[in-house]
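Single-letter residue listing:
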Amino acid sequence: MCPVHEEDYSKEIEIEKSITQFIFPFSFKKERRKHLMERLKEEHYTHFSLKDQSLETQFYGPHHHVSHFDLDQYFLPYIEQILFPSAHESDGFHRFSKSLQCTGILETRNDPIPFEILSLDIFICPYHIGMINIRVQQTKEKMVLTDTLDFMNHFRVLEPKLAEQKGSKVCVDDRVYEKVQELIFYHLCPFLVSFVDERAVEDAAYFGSLPYFVDERMYVIGYISVKDFESINDVHLYRVGNVNGYDERGRIHVAATNPSYIEKMNEKQVYDRWAPHTYYVTSDHVFCCLTHEKDDQEEVLASGMLGQHYYNLLLHFYYKVVLLKLSYEHSLLRFQKDEDEIEGLISSISVFSAKYLFSEISSRTEGQEFAEKFKEVFHIDSIYMEVKETLLSLYQNQEKLIDKRHNYLLFIMTIYTVISGIYGMNLVIDDWKGSIHWHRMLHYSFFEYISLLIAISGIFIGLGMGIAAVIKLLTRWMKGNQFM
């Protein structure tokens, strides 16, 4: 990294190409998972498969492709099974993609920015999590870095809340949308509305939001090709990491004035293995490649951002969403009443830890280093430690509930055993042999009635416990694929 100078704050750079992807997570109804997949096929979405090489050029615009061979070689085998499941019934990330090529204009306080929506990806993931990815290319003829950052900053806002976010409009196919959320659910994929889990959005700020995922802005993946004669400085990299476009007066916005602070943040956020020609910036808001490379090398970098690095980021983004979901579900438990929910959450955490959460995902050096960056940015390790503590707490509470239930059961059985032992169960049993003489019960003594009551209630309690156990086993069997 180079020292930050005062002139760096106002320096602009011209760019040749900008491709951005916007990721929006949502929760779908678990009982409608298969119906959702069927509906995606009806809407002409293609189920993504590494074996189908014809898909390498379908979803990324006319000048880009993603090598399925490179994707296959990038990830370790057990990660491939998660990211690229072959059958619809398999666990993992089921990707459905559709080319759109619909044009639009983003209108803000500054110059309008034309764009083209190249394609949509909809991922159906375990734990009833879905993710929408909108792949967009900006088509403005002469564009500077601030233009594309301003586009990212406004387009990623689903529900404008702050003053600087309001006032923008998205015009697509001659329709005007005040909110990007409306563009998604009214225009791009309106069929998804009936599949979104209403319980997850009942108290949410906007439709489709997750109560445990607080930000109302989509995560951005960007590829920015800079013109040859432009130099990339630390302020540019910092602005990319914070998605700083224009301020309210139409000037270049930089969210920090302290040069040492910018340098310190860039040390955390910037991956500069191929500097000064190529930089990768990773933050809470964006994962972006900023490069001078041209021709074949440019195509390799663009393919990486649309392919290998895209899936690497997506996997860790999913880790964060699910871990937050598990923590949130723990906070909703009523430990004295929700015994089945406690067992279900224990199973969820255990299955997720064993089946999906891996520390090593790639055999390549850059894949491993990017994974470490993503884990650091999304705080995966710290959230996972919190979930592990949650698991320990759940085990302890479950043990207490089981001990309490066993104590009650032992208390009841002890009472029946003591009373049966006192009576010897001999006072009325003879009357039940063969044909029961019901009229004799009218002449029982007080203690004979107690014996009769103990015997009959014991039979019904035993039957009730047996039926309850069978129902519980059937319920668990029916919920056996609840993590799909």
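Refer to the structure presented above.
Residues numbered from 1 in each chain as written. Predicted model: local features only at pLDDT ≥ 70, side-chain atom pairs only at ≥ 80, totals over all residues. Heavy atoms only, no water.

**Observations concerning the overall build of the protein**
Item 1. In terms of regular secondary structure, the protein is built from 14 helices and 12 strands.
Item 2. Out of the 484 residues belonging to the protein, those deemed buried represent 51%.
Item 3. Taking contacts inside the protein between residues at least 6 apart in sequence as the whole, the part at least 24 apart equals 72%.
Item 4. With an accessible surface of roughly 23,700 Å², the protein has 54% of that area assigned to carbon and sulfur atoms. (Helix = DSSP H or I, 4+ residues; strand = E, 2+ residues; numbered from the N terminus. Buried < 20%, exposed > 50% of the residue type's maximum accessible area, 1.4 Å probe, protein only. Contact = heavy atoms within 4.5 Å. Areas by Shrake-Rupley, 256 points an atom, 1.4 Å probe, with all protein chains shown as cover.)

**Side note on the pattern of salt bridges**
Item 1. Inspection of every chain in the model, using the stated rule, returns 13 salt bridges.
Item 2. Across the pair Lys227 and Glu14 runs a salt bridge, and its minimum N-O distance is 3.1 Å. One end of the pair, Lys227, is in the loop between strand 9 (219-226) and helix 7 (234-242); the other, Glu14, is in strand 1 (residues 14-27), with 213 residues separating them in the sequence.
Item 3. Taking relative accessible area as the criterion, Lys227 reaches 25% and is therefore assigned partly exposed.
Item 4. The partly exposed category is assigned to Glu14, whose relative accessible area is 32%. (Salt bridge = Lys/Arg side-chain N within 4 Å of Asp/Glu carboxyl O.)

**Some remarks on a nonpolar patch on the surface**
Item 1. Together, Ile456, Ile459, Phe460, Leu463, Ile467 and Ile471 line one region of the surface with nonpolar side chains, adding up to about 600 Å² of accessible area.
Item 2. Looking at the element boundaries, Ile471 is found in helix 14 (residues 446-478). (Patch = residues over 30% accessible without salt bridge, like charges linked within 9 Å, V, L, I, M, F, W, Y side chains within 5 Å.)

**Side note on helix 12 (residues 365-377)**
Item 1. Helix length check: helix 12 (13 residues) gives 18 Å between terminal C-alpha atoms against 18 Å at 1.5 Å per residue, within 8%.
Item 2. Positive backbone phi, approximately 55°, marks His379, located one or two places after helix 12. (Expected span 1.5 Å × (residues − 1).)

**A look at the pairing of strand 3 (residues 94-107)**
When a strand is regular, its side chains alternate between the sheet's two faces.
Item 1. The sheet contact formed by strand 2 (residues 46-47) and strand 3 spans 2 bridges and is antiparallel. Paired with His47 across the bridge in strand 3 is Phe96.
Item 2. Taken together, the 11 bridges between strand 3 and strand 4 (residues 113-125) define a ladder with antiparallel strand orientation. Each residue of the ladder has a partner; that of Lys98, found in strand 4, is Leu120.
Item 3. Here strand 3 folds back onto strand 4, and the loop between the two strands holds 5 residues.
Item 4. Here strand 3 pairs with strand 7 (residues 169-172) via 4 bridges, running antiparallel. Residue pairing in the sheet places Glu107 in a bridge with Lys169 of strand 7. (Pairing = 2+ DSSP bridges.)

**Focus on the nonpolar core**
Item 1. One finds Phe75, Phe93, Met131, Phe287, Tyr311, Tyr318 and Phe352 to be the most contacted residues of the largest nonpolar core, which totals 65 residues.
Item 2. Looking at which element gives the most residues to this core, the answer is helix 10 (residues 308-332), with 12 residues.
Item 3. Residues contacting Met131, with those up to four places away along its chain left out, are Ile23, Phe24, Pro25, Phe26, Phe93, Asp121, Ile122, Phe123, Cys125, Leu314, Phe317 and Tyr318.
Item 4. The next biggest cluster of nonpolar side chains, apart from the first, holds 56 residues, and it includes Leu36, Leu158, Leu192 and Phe195. (Core = buried A, V, L, I, M, F, W, Y, C linked by side-chain atoms within 4.5 Å.)

**Section: helix 7**
Item 1. Most of helix 7 sits inside the fold, with 8 of its 9 residues counted as buried.
Item 2. Considered for burial, the residues of helix 7 that qualify are Asp234, Val235, His236, Leu237, Tyr238, Arg239, Val240 and Gly241.
Item 3. If you follow the buried residues of helix 7, they end up packed against helix 4 (145-155), helix 8 (259-269), strand 10 (270-271), strand 11 (278-282) and strand 12 (286-291).
Item 4. Regarding helix 7, its N-cap is Asn233, as a side-chain oxygen of that residue lies 3.0 Å from the backbone nitrogen of Val235 further along. (Polar contact = N/O pair within 3.5 Å; in protein donor to acceptor, adjacent residues only side chain to side chain.)

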